[in-house]
Amino acid sequence: VQLQAFGGGLVQTGGSLRLSCAASGLTFSSYHMGWFRQAPGKGRESVGTISWSGGRTYYVDSVKGRFTISRDNAKNTVYLQMNSLKPEDTAVYYCAAKRQGDSWPALWGAPSTYDYWGQGTQVTVSS
């Protein structure tokens, strides 16, 4: 199983970026997907998640209204559209895959409940 996140970069405050995460080696449509981030010196923080079908999404309060998760099961890809970026959004962003089961969405924000992780992509927002 491989998850490859890409699309990060340097952007000014108020700008936008779209991250992509391409999955291979798994039946993508059988997995819920999550986005997490980790800033320097901090723990891994949940950003949001999307159900296997794309019909449900959940977000951490700090990104609601600014970030949108979507997926294309035909392309085995999940996306994170980030708008109105702030310096505090600076972090390495990771995608993760979670098999369908009882712990979603109840524990969608718990990294330990995800089965596979991508390598991360750096997002830097300058002030």
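Everything below is about the structure shown above.
Keep in mind the model is a prediction, meaning the values are calculated, not measured. (Residues numbered from 1 in each chain as written. Predicted model: local features only at pLDDT ≥ 70, side-chain atom pairs only at ≥ 80, totals over all residues. Heavy atoms only, no water.)

Chemist: Provide a residue-level description of the overall build of the chain, including the pertinent values.
Modeler: If you tally the helices and strands in the chain, you get zero helices and eleven strands. The N-to-C order of helical and strand elements in the chain reads β-β-β-β-β-β-β-β-β-β-β. Along the three orthogonal principal directions, the C-alpha set of the chain runs to about 40 × 25 × 25 Å. Counting the 127 residues in the chain, one finds 44% classified as buried. For the chain, the proportion of contacts with a sequence separation of at least 24, taken over those separated by at least 6, is 60%. When the accessible surface of the chain is split by element, carbon and sulfur atoms take 47% of a total near 6,100 Å². Both charge centroids of the chain, one from 12 positive and one from 7 negative side chains, sit 3 Å from each other. (Helix = DSSP H or I, 4+ residues; strand = E, 2+ residues; numbered from the N terminus. Buried < 20%, exposed > 50% of the residue type's maximum accessible area, 1.4 Å probe, protein only. Contact = heavy atoms within 4.5 Å. Areas by Shrake-Rupley, 256 points an atom, 1.4 Å probe, with all protein chains shown as cover. Lys, Arg positive; Asp, Glu negative; His and termini not counted. Charge placed at Lys NZ, Arg CZ, Asp CG, Glu CD.)

Chemist: Report on the layout of surface pockets, specifying residues and quantitative values.
Modeler: Here the largest pocket is characterised by a volume of approximately 170 Å³. In this structure, the largest pocket is lined by Arg 37, Gln 38, Ala 39, Lys 42, Gly 43, Glu 45, Pro 87, Glu 88, Thr 90 and Ala 91. (1 Å grid on protein atoms, 1.4 Å probe; cavity = no way out; pocket = protein on both sides within 12 Å on 5 of 7 lines; lining within 4 Å. Points joined across faces, edges and corners; volume = space filled by probe spheres on them.)

Chemist: With reference to specific residues and values, describe the pairing of strand S8 (residues 77-82).
Modeler: Taking burial as the measure, the six residues of S8 include five buried ones, the bulk of the element. Note that strand S3 (residues 17-24) and S8 share six bridges and pair antiparallel. Considered in S8, the bridge of Leu 17 is made with Met 82. Alignment of strand S7 (residues 67-72) against S8, held across six bridges, turns out to be antiparallel. Across the sheet, the residue bridging to Asp 72 is Thr 77, located in S8. From the end of S7 to the start of S8, which pair antiparallel, there are four residues, and Asn 76 there has a positive phi angle of about 55°. (Pairing = 2+ DSSP bridges.)

Chemist: Can you tell me about the state of the cysteines, naming the residues and giving the values?
Modeler: Simply put, disulfide is the name for a covalent bond between the sulfur atoms of two cysteines. Applying the stated criterion across every chain, the model contains one disulfide. Two residues share a disulfide in this structure: Cys 21 and Cys 95, whose sulfurs sit 2.0 Å from each other. Its torsion about the S-S bond being 60°, the disulfide of Cys 21 and Cys 95 is classed as right-handed. Pair noted here: Cys 21 is in strand S3 and Cys 95 is in strand S9 (residues 91-99), with a separation of 74 residues, a long-range link. (Disulfide = S-S within 2.5 Å.)

Chemist: Give a detailed account of the side chain of Thr 113, specifying residues and quantitative values.
Modeler: Along the polypeptide, Thr 113 turns up in the loop between S9 and strand S10 (116-117). Note on Thr 113: relative accessible area 17%, which makes it buried. The contacts of Thr 113, once residues within four sequence positions are left out, are Lys 98, Ser 103 and Leu 107.

Chemist: Please give an account of the packing of aromatic side chains that cites residues and values.
Modeler: Under the defined criterion, the tally for this structure stands at five aromatic pairs. Ring plane angle 55° and centroid distance 4.9 Å describe the contact between Phe 36 and Trp 117, whose orientation is recorded as tilted. On the criterion of sequence distance, the pair formed by Phe 36 in strand S4 (residues 31-38) and Trp 117 in strand S10 is long-range, its members being 81 residues apart. In this structure Trp 117 comes out as partly exposed when scored by relative accessible area, which is 28%. (Phe/Tyr/Trp six-rings, centres within 6.5 Å; stacked < 30°, edge-to-face > 60°.)

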